[in-house]
Amino acid sequence: MSQPEPSLSLGGVFIAFEGGDGAGKSTQAQLLSAWLEELGHTVVVTREPGGTPFGRTVRELVLHGDHVAPRAEALLFAADRAHHVETLILPALARGEVVITDRYVDSSIAYQGAGRDLGVDEVRELNVWATGGLVPTLTVLIDLPADVGRARRGGVHDRLESESADFHGAVRVLFLALADADPDRYLVVDGELPPEQVRERVRVRVAMMAGVGR
Ligand code: TYD
């Protein structure tokens, strides 16, 4: 498929990849970044939790420690995010760069709000406060049945990945509901498609976002 050429006015754009474990977000974030860089953009690829030195300490605590109380878990993800937004994301956007993050607020709403049952609205409010209300320009949801994600991940699981099929099912439903409620700001891609087809769909949408269309 021939590619539309995004305009070079993409600076200051914030793109989040979301989805269940094993959906292929990290790969797609890297592919999008490489493509945008080829087109001349300056791109920062980052992730949550763990996009900053502080965040890497939080990541260890929240993913690889012993039991963490659910509210403490929500606060740790929010603390990672608050620091990430203030010290990395906002400065890069202010420089006119493209920021691509592997997970953002929706992961907390889905995993802690729905999966842990802490309440979708409560977790959303906590995260609006933590981020100062920063919302992605575009969120790419790579949707995948939980059992397919689990099979792809193989045997090694962090604290969240080890949760039950019901937990991961609730996470998926919530991600889809968030996307459904705001189609202008979301792209939902079937994560069972071959990676090159996922990549194409993302490129087409990002090119449209840059005001070029096809
Ligand atoms: P991720 O880094 O995507 O996993 P991996 O690198 O192992 O593929 O995410 C780590 C886990 O943290 C994942 O199971 C989802 C979970 N998570 C939350 O529960 N809430 C959050 O706010 C975030 C950002 C992640």
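The model shown is predicted, which means the values in this text are computed figures rather than measured ones.

With respect to the nonpolar core
In terms of nonpolar packing, the biggest core is built from 28 residues, with Phe14, Ile89, Val99, Tyr104, Tyr111 and Leu134 touching the most fellow members. Looking at this core, the elements that each hand over two or more residues are strand S1 (14–19), helix H2 (53–64), helix H3 (70–94), helix H4 (105–115) and helix H7 (165–181). Ranked by the residues each element gives to this core, the list is headed by H7, at 6 residues. When residues no more than four places from it in sequence are discounted, the contact partners of Tyr104 are Phe14, Ala16, Glu18, Glu48, Arg81, Val85, Ile89, Thr131, Leu134 and Pro136.

A word on the packing of aromatic side chains
Within the structure shown, the criterion is met by 3 aromatic pairs. Residues Phe14 and Tyr104 carry aromatic rings whose centres are separated by 5.0 Å and whose planes lie at 85° to one another, so their mutual orientation is edge-to-face. Of this pair, Phe14 sits in strand S1 while Tyr104 sits in the loop between strand S3 (98–102) and H4, and the two are 90 residues apart along the sequence. An aromatic cluster is built from Tyr111, Phe167 and Phe175, whose rings are joined through pairwise contacts.

Some details on the sheet that holds strand S2 (residues 43–47)
Taking strand neighbours across the sheet as the criterion, the 5 strands line up as S2-S3-S1-S4-S5 in an open arrangement whose pairing is parallel. Edge positions in the sheet fall to S2 and strand S5 (186–190), since each has one partner strand and no second. Neighbouring strand axes in the sheet, compared pairwise and without regard to direction, differ in orientation by 20° on average. Both S1 and S3 contribute to a ladder of 4 bridges, which runs parallel.

Quick notes on the rules
- Residues numbered from 1 in each chain as written.
- Predicted model: local features only at pLDDT ≥ 70, side-chain atom pairs only at ≥ 80, totals over all residues.
- Heavy atoms only, no water.
- Core = buried A, V, L, I, M, F, W, Y, C linked by side-chain atoms within 4.5 Å.
- Buried < 20%, exposed > 50% of the residue type's maximum accessible area, 1.4 Å probe, protein only.
- Helix = DSSP H or I, 4+ residues; strand = E, 2+ residues; numbered from the N terminus.
- Contact = heavy atoms within 4.5 Å.
- Phe/Tyr/Trp six-rings, centres within 6.5 Å; stacked < 30°, edge-to-face > 60°.
- Pairing = 2+ DSSP bridges.
- Axes fitted to C-alpha atoms, helices over the stretch in contact; angles between N-to-C directions.

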